[in-house]
Amino acid sequence: MSSYTANTKDMQFVLHEVLKISEAGVPGYEELDRDFTEAVLDAAGKVSSEVLAPLNEVGDKEGCVLENGVVRTPKGFDAAFEAMKEGGWTALDCDPDFGGQGMPYLLNCAVGEMFVSANMAFNMYQGLTHGAYSAIHAHGTDEQKATYLPKMVTCEWTGTMNLTEPHCGTDLGMMRTKADPQDDGSYLITGTKIFISAGDHDLSENVIHLVLAKAPGGGEGTKGISLFIVPKFLVNEDGSLGERNSVSVGKLEEKMGIHGNATCVMNYDSAQGWLLGDLHKGMRAMFTMMNEARLGVGLQGYAVAEAAYQEAVAYAKDRIQGRDVTGAKAPEKAADPIIVHPDVRRMLMDQKSFVEGARAFTFWGAHLIDRAHKLDDKAADGLISLMTPVIKGFLTDKGFETAVSAQQVFGGHGYTEDWPMSQHVRDARIAMIYEGANGIQALDLVGRKLAQDGGKHVMAFFEMVKAECKAHDDDERMKPFTDALKNASKQLQAAGMFFMQNGMKNPNAALSGSYDFMHLMGHVCLGLMWTRMAKAAFAALDNGASDTAFYEGKIATGRYYMARQLPACAMHLARIETGADPVMALADDQF
Ligand SMILES: Cc1cc2nc3c(=O)[nH]c(=O)nc-3n(C[C@H](O)[C@H](O)[C@H](O)COP(=O)(O)OP(=O)(O)OC[C@H]3O[C@@H](n4cnc5c(N)ncnc54)[C@H](O)[C@@H]3O)c2cc1C
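Residues numbered from 1 in each chain as written. Predicted model: local features only at pLDDT ≥ 70, side-chain atom pairs only at ≥ 80, totals over all residues. Heavy atoms only, no water.

Draft legend 1. View of the overall build of the protein. Looking only at helices and strands, the protein has 19 helices and eleven strands in total. Computed over C-alpha atoms, the radius of gyration of the protein comes to 24 Å, within 12% of the 25 Å expected from 2.2 N^0.38 for 591 residues, which places it in the range of a compact globule. Dimensions of the protein along its principal axes, counting C-alpha atoms only, are 80 × 60 × 55 Å. The 591 residues of the protein split such that 58% are buried. Contacts in the protein between residues at least 24 apart in sequence constitute 73% of all its contacts with a sequence separation of at least 6. When the accessible area of the protein is evaluated, it comes to approximately 24,400 Å², of which 53% is carbon and sulfur surface. (Helix = DSSP H or I, 4+ residues; strand = E, 2+ residues; numbered from the N terminus. Rg over C-alpha atoms; globule rule 2.2 N^0.38 Å. Buried < 20%, exposed > 50% of the residue type's maximum accessible area, 1.4 Å probe, protein only. Contact = heavy atoms within 4.5 Å. Areas by Shrake-Rupley, 256 points an atom, 1.4 Å probe, with all protein chains shown as cover.)

Given below as structure tokens:
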């Protein structure tokens, strides 16, 4: 069975010693002093380990079932969902005007990491609802907000996002779902959507589907797409539930992981829907929440890796095989615990250095979102827009790799279903695919984000890295961090220069290197985070912090990342500089 203990200590370190949120001047952050965040994180950690984690394996083994048109979630999910609602965990950062608690998004992310680590599939029912809530909040009329938001804040009604169709996922311009306007201002929606997460289930009394569809007069491609609110049960004027709408579950997908989440084929058969936002501007409305949604998926990447890492550490301390080559560590036993072996340590250090770096990166991203929203900070908005594909693509690729590495620590036992490692690996895999496959994230980064606003945001990022390195010029202890970061940043700039010089002549030269660029940039971002964390850890030690093991461990883990992971940047640059030729050399029929 999965066991999980939230790493609240590290979260507190990032919030208060790295990001220094109390001094950040963001409205809403003034409440977030150490004691307050500790109380919230401890409470969320308790729910995660006591309520959600015990259901992780149940969800995986039992999965969801479709019986007579009704989707049933695994045993215990309903009670756990009630506990989440009662605890107010669904409403943390929602608007107080609609019953939310109005906390900063950053705090929601910290808490969300724990819920995902404990039970990713379960947390998606709430996560998708939050996405739909945000869309209605940003684009709904006053009436729509009053009708739907209070019930969605409490998760009495849950939400879904319907984009994908059988013949189109990435290329939504080919969408076939139609919206026919009616005299009363509503639309009749007809079409089939596939892979809809939390599409139907028995956890809430209504499901509010947000559906992309083509209304007449919008033209070809994505321009003609509009966004509609299509409730499972129509809502009467007094807010009570009315008739069943003509939307039904065609089938549940049989899939590799996240079995506890119902992934549905949804059939809309002249279902009644209402326009959300402007006609023919559906893509824009859907993508307003993109930074948050993609950050949420990046978070899934490292949160599952954290759960897998915790299992790997416990196993490595317990499992005995072979002897420490420098002398027995447990002479009273037949062998030493495998944690003594350098190669097992390598795996654990890879895992730890990734997860902690990824946590700092994601929290920083959430902090930028808070700055953009609450301070109307344009620089923060530009920076998070640049970082979003990196957070999504890099953290989910590495999150999966980390889960596999944690599985490897278990040897053959990790491959069996007796241990939770197979589930972690299977669950982590989807985050690389949905919310825009990672190849598409890389295209977004190189094709759009680098040049956005005349390249202003990427230049600001380079300046930020330079300033961080310069700030520690006179601190010898920081050299392993700043030297490695400077070098990696130069490699990233060289890659950007290669695209500028070659991309116009041959766009494939840039597209062939985009995936490597996303990873190169991901390493630079984590390198920056480790530099900031090392600085904070040295400061704590200089100020006489009593928990020296934590801070010294931080510095050593950061050094590991800089020494053992950042060299990957040179490889990515070398690949990028080969251009399109090696990638495009074969004709289709040579494959
Ligand atoms: C478990 C699960 C849950 C999901 N939940 C939802 C949900 O709640 N709502 C929803 O709407 N969808 C959902 N999806 C769908 C998901 O977002 C899509 O599967 C994903 O966006 C990819 O689309 P596709 O599967 O059609 O792949 P395709 O678009 O066919 O892509 C196939 C491959 O080709 C690559 N590719 C495509 N176009 C290009 C290009 N121009 N350049 C380079 N490479 C390209 C892609 O990167 C990918 O590797 C879910 C999927 C799964 C499996």
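Draft legend 2. Inspection of the UniProt feature "domain: Acetyl-CoA dehydrogenase-like C-terminal" (unreviewed entry) in the protein at higher detail. The residues that UniProt annotates with the feature "domain: Acetyl-CoA dehydrogenase-like C-terminal" (unreviewed entry) are residues 461-586. Each end of residues 461-586 is marked by a C-alpha atom, and these two atoms are 37 Å apart; helix forms 79% of the span and strand 0%. (UniProt positions renumbered as here; feature names shortened; annotations may be inferred.)

Draft legend 3. Up close: the pattern of salt bridges. Inspection of every chain in the model, using the stated rule, returns 35 salt bridges. Here Asp 324 makes a salt bridge to Lys 329, at a shortest N to O gap of 2.7 Å. Under the relative-accessibility criterion, Lys 329 is labelled exposed at 52%. When the shortest N-O distance is used, the salt bridge between Asp 444 and Lys 449 registers 3.0 Å. The residues Asp 444 and Lys 449 share a single accessibility class, namely buried. Overlapping salt bridges, with partners in common, bring together Asp 10, Glu 113, Glu 306, Lys 352, Glu 356, Arg 359 and Lys 554 in one network. (Salt bridge = Lys/Arg side-chain N within 4 Å of Asp/Glu carboxyl O.)

Draft legend 4. Layout of the site of the ligand. In the vicinity of the ligand there are 18 residues, among which Met 161, Leu 163, Thr 164, Thr 170 and Phe 195 approach most closely. A distance of 2.5 Å is found between an oxygen atom of the ligand and a side-chain nitrogen or oxygen belonging to Thr 170. In this structure, Ser 197 approaches the ligand through a side-chain N or O atom, which is 2.8 Å from a nitrogen atom. For the ligand, whose accessible area on its own is 990 Å², the fraction buried by protein is 61%. Sort the elements by how many residues they give to the shell around the ligand and strand 5 (residues 187-197) lands first, with three residues. Class assignment for the residues of the shell around the ligand results in ten nonpolar, six polar and two charged. (Near = heavy atom within 4 Å. Polar contact = N/O pair within 3.5 Å; in protein donor to acceptor, adjacent residues only side chain to side chain. Nonpolar A, V, L, I, M, F, W, Y, C, P; charged D, E, K, R; others polar.)

Draft legend 5. Focus on the packing of aromatic side chains. Taken as a whole and judged by the stated rule, the model has 15 aromatic pairs. Pairing Phe 550 with Tyr 551 gives two aromatic rings, centres 5.1 Å apart and planes at 85°, and the pair type is edge-to-face. Every member of this aromatic cluster is reached through a ring pair, and the members are Phe 13, Phe 550 and Tyr 551. When the ring centre of Phe 400 is taken as reference, the NZ or CZ atom of Arg 429 above it lies at 5.7 Å. Stacked on the ring of Trp 364, the Lys or Arg Arg 532 has its end atom at 5.4 Å from the ring centre. (Phe/Tyr/Trp six-rings, centres within 6.5 Å; stacked < 30°, edge-to-face > 60°. Lys NZ or Arg CZ within 6 Å of the ring centre and 35° of its normal.)

Draft legend 6. Region of interest: the pairing of strand 7 (residues 225-231). In terms of residue burial, strand 7 counts as a mostly covered element, since seven of its seven residues are buried. With burial as the criterion, each face of strand 7 is covered, one bearing Ile 225, Leu 227, Ile 229 and Pro 231 and the other bearing Ser 226, Phe 228 and Val 230. Inspection of the sheet shows strand 7 paired to strand 11 (residues 263-275) by two bridges, in the antiparallel sense. Each bridged residue has a counterpart across the sheet, and for Phe 228 the counterpart in strand 11 is Leu 275. (Pairing = 2+ DSSP bridges.)

Draft legend 7. Geometry of the nonpolar core. Membership of the largest hydrophobic core comes to 187 residues, with the highest contact counts inside it found for Phe 361, Met 387, Phe 461, Phe 517 and Met 521. The contacts of Met 521, once residues within four sequence positions are left out, are Leu 386, Met 387, Val 390, Leu 445, Phe 461 and Leu 492. (Core = buried A, V, L, I, M, F, W, Y, C linked by side-chain atoms within 4.5 Å.)

Draft legend 8. Inspection of the environment of Ala 510 at higher detail. Residue placement: Ala 510 occurs in helix 15 (residues 507-511). Residue Ala 510 is classed as buried on the basis of its relative accessible area of 11%. Each C-alpha atom of the pair Ala 510 and Phe 498 lies 8.1 Å from the other, and the pair is twelve residues apart in sequence. Residues in contact with Ala 510, not counting those within four places in the same chain, are Val 446, Phe 499 and Gly 503.

Draft legend 9. Up close: helix 13 (residues 452-470). In a regular helix each residue adds 1.5 Å, so 19 residues correspond to 27 Å; helix 13 covers 27 Å between its end C-alpha atoms and thus fits that length. For helix 13, every residue scored as buried is listed here: Gly 455, His 457, Val 458, Phe 461, Phe 462, Val 465, Glu 468 and Cys 469. In this fold, the buried residues of helix 13 make contact with helix 10 (378-409), helix 14 (479-502) and helix 16 (514-542). (Expected span 1.5 Å × (residues − 1).)

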